[in-house]
Amino acid sequence: MATLKRQIPVFGFPHQYDTIVFSADAPCEFAISSNAGGVLLKLSPNALGEIRIEDFAQVLRDFTADGKARDFTLSWEQNSQKFTVLPCRFELSSAAISFVYTHFLTLQQGAKPTYLGAQEFVTLYSALPSRDAFSLSLLWANPQTGEVREASLSEEQSDGVVTAGANYYRLDVSPAQFTPPAEGFSLHSYTVTAGKRSQWFILCPVLDAQPLTFVFRNCFGQLESFHCFGTMQQEVKPTRSAASFAGKTRNYRVQSVPEFTAQTGILRPCDFALFEDLCNADYVLLGSELGPEVCITDNDFKLSSDLYEPQEASITWQYASRARRFEVEPDVRTFDNSFDYTFQ
């Protein structure tokens, strides 16, 4: 007979189920099932009279790779245990039951730098009968007069909440959607809260280089953005295939797949985890959630223990499409259609 030695949480991240231990005196069959499939195991006890299901977190990560929480049932002999697993690629030091009700689903630890044209999301998970409502607190500043004003918004006054899956709720908090309280004011920072969850955004000035935004599926399976405030380089090295035809050597196939490298600019310690999450992402879009899909091919992310050395990183990508992508620039008119041509 097999007996569960340690109770498993009814709600958790995959790493919380990495090792499941039973006390047993004979071989036993175990079935782990969900609506996405199942696993059947027949295991024998070791010399200590234990049956151990180990390295199980990776199996659960595969089942939740689509970014959706799933209900599982662990069955053995005449017993069963139900539990819910939330997607998470990382091993967090906090259990899911405490993390999701005190944090939005992001690895950003402190204030997040953003800019006026950026796309921003906050996503929460709640399995409670009634979820916490989103609210926003905005700080506006007039650089000419030095006056500051605060404003509060409810989720109904923003772009609205999108259901990003069962028990997942996402709010678009892109700064461009907020209207200044009066002429001359610009958005300095804003805070989004929902219950005990809070995320602070600070707008950074755009100087020499236009910031570059990546929207990616983060370690919790939800869309999130990261902004590079440094410069960008483009490198074109076509791959050529040649052969001899009629006494002449010709290229019969040329594949031009440019690679782009973006510098992050100065990274603060609270940005490290989010950038690492981007480097591990398998689904990345450029610019916004409607932008083209890109494939990350490399990154340079080395952290120094020197407290006085600025920390920077870079990320390299190419467009996911096979054909060379070319952005057509719109026509620029010096004058509109009302211009008077009678002088000609």
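Note: the structure precedes this text.
Below is a short write-up of the structure. Please read all numbers here as calculations on a predicted model, not as lab measurements.

1. Section: the sheet that holds strand β3 (residues 20-23)
- Here 3 strands make up an open sheet; going across it, the order is β1-β3-β6 and the pairing antiparallel. Only two strands of the sheet have a single neighbouring strand rather than two, namely β1 (3-4) and β6 (50-53).
- With 2 bridges joining them, β1 and β3 adopt antiparallel strand pairing. Bridged to Leu4 within β3 is Phe22.

2. Considering the pattern of salt bridges
- Under the defined criterion, the tally for this structure stands at 13 salt bridges.
- A salt bridge links Glu289 to Arg170; its shortest N-O distance comes to 3.5 Å. Placement of Glu289 in the loop between β23 (284-286) and β24 (293-300) and of Arg170 in strand β14 (residues 168-172) is noted, with a sequence separation of 119 residues between them.
- Ionic pairing is found between Asp271 and Arg268, a salt bridge with its closest N-O pair at 3.0 Å.
- Arg268 sits in the partly exposed class, given a relative accessible area of 30%.
- The network of salt bridges with common partners includes Lys5, Glu50, Arg52 and Glu54.

3. Let's talk about the packing of aromatic side chains
- All chains considered together, the criterion is met by 20 aromatic pairs.
- Relative to Trp76, the ring of Phe22 lies with its centre 5.0 Å away and its plane at 70 degrees, an arrangement referred to as edge-to-face. Taken together, the positions of Phe22 in strand β3 and Trp76 in strand β7 (residues 70-76) put the pair 54 residues apart, joining distant regions of the chain.
- On the basis of relative accessibility, which here comes to 6%, the residue Trp76 falls in the buried class.

4. Digging into helix α3 (residues 272-279)
- Counting buried residues in α3 gives 6 out of 8 residues, a clear majority hidden from the surface.
- For α3, the complete set of buried residues consists of Phe272, Leu274, Phe275, Asp277, Leu278 and Cys279.
- For α3, the elements touching its buried residues are β9 (112-114), β17 (212-217), β18 (223-228), β23, β24 and β25 (314-319).

5. Section: the pairing of strand β16 (residues 197-203)
- Residues Arg197, Gln199, Phe201 and Leu203 of β16 are buried on one face, while the alternating residues Ser198, Trp200 and Ile202, pointing to the opposite face, are not.
- Sheet analysis places β9 next to β16, joined by 3 bridges and oriented parallel. Residue pairing in the sheet places Lys112 in a bridge with Phe201 of β16.
- Inspection of the sheet shows strand β15 (residues 186-194) paired to β16 by 6 bridges, in the antiparallel sense. By the bridge assignment for β16, Ser189 is matched with Ile202.
- Here β15 hands over to β16 after 2 residues, with Gly195 in that stretch at a positive phi of 65 degrees.

6. Thoughts on the side chain of Arg197
- By secondary structure assignment, the location of Arg197 is in strand β16.
- There is a polar contact of 2.9 Å between the side chain of Arg197 and the side chain of Asp132.
- Separated by 3.0 Å, the side chain of Arg197 and the backbone oxygen of Ala194 make a polar contact.
- Excluding its chain neighbours within four sequence positions, the residues that come into contact with Arg197 are Val100, Tyr101, Thr102, His103, Phe104, Leu124, Tyr125, Ser126, Asp132 and Val192.

7. Re the side chain of Asn142
- As for its placement among the helices and strands, Asn142 is situated in the loop between β11 (135-141) and β12 (148-154).
- A relative accessible area of 9% places Asn142 in the buried class.
- Among all residues touching Asn142, those that are not within four sequence positions of it are Glu147, Glu183, Gly184 and Phe185.

8. Some remarks on the nonpolar core
- With 22 residues, the main nonpolar core has Phe214, Phe226, Leu278, Val284, Ile315 and Trp317 as its most contacted residues.
- Apart from the residues within four sequence positions on either side, Val284 is in contact with Phe214, Val215, Phe216, Leu278, Pro292, Glu293, Val294 and Ile296.
- Counting 20 residues, the second-largest nonpolar core is a separate cluster that includes Ala2, Leu60, Phe72 and Leu74.

Reading the values: the criteria
For every chain, the first residue of the written sequence is number 1, and numbering continues from 1 along that sequence. Selection of residues for local features in this predicted model requires a pLDDT of at least 70, selection of side-chain atom pairs for listing and counting requires 80 or more, and totals for whole chains, interfaces and linings are taken over all residues. Based on all heavy atoms of the structure, the side-chain values leave hydrogens and waters out of the count. The pairing criterion for strands is at least two bridges between them, as found by DSSP. Numbering of helices and strands runs from the N terminus; a helix is a DSSP stretch of H or I covering at least four residues, while a strand is a stretch of E covering at least two. Salt bridges are defined as contacts in which a side-chain nitrogen from Lys or Arg sits within 4 Å of a carboxyl oxygen from Asp or Glu. We call a residue buried when its accessible area falls under 20% of the maximum for its residue type, exposed when it is over 50%, and partly exposed in between, using a 1.4 Å probe and counting protein chains only. Aromatic rings from Phe, Tyr and Trp, with only the six-membered ring used for Trp, were paired whenever their centres fell within 6.5 Å, and each pair was classed as stacked if the ring planes differed by under 30 degrees, edge-to-face if by over 60, and tilted otherwise. For this analysis, residues touch if any pair of their heavy atoms sits within 4.5 Å. Residues adjacent in sequence count toward polar contacts only when both atoms are side-chain atoms; beyond that, a polar contact is any pair of N or O atoms within 3.5 Å, and within protein one must be able to donate a hydrogen and the other to accept it. What we call a nonpolar core is a set of buried Ala, Val, Leu, Ile, Met, Phe, Trp, Tyr and Cys residues that are connected through their side-chain atoms within 4.5 Å.

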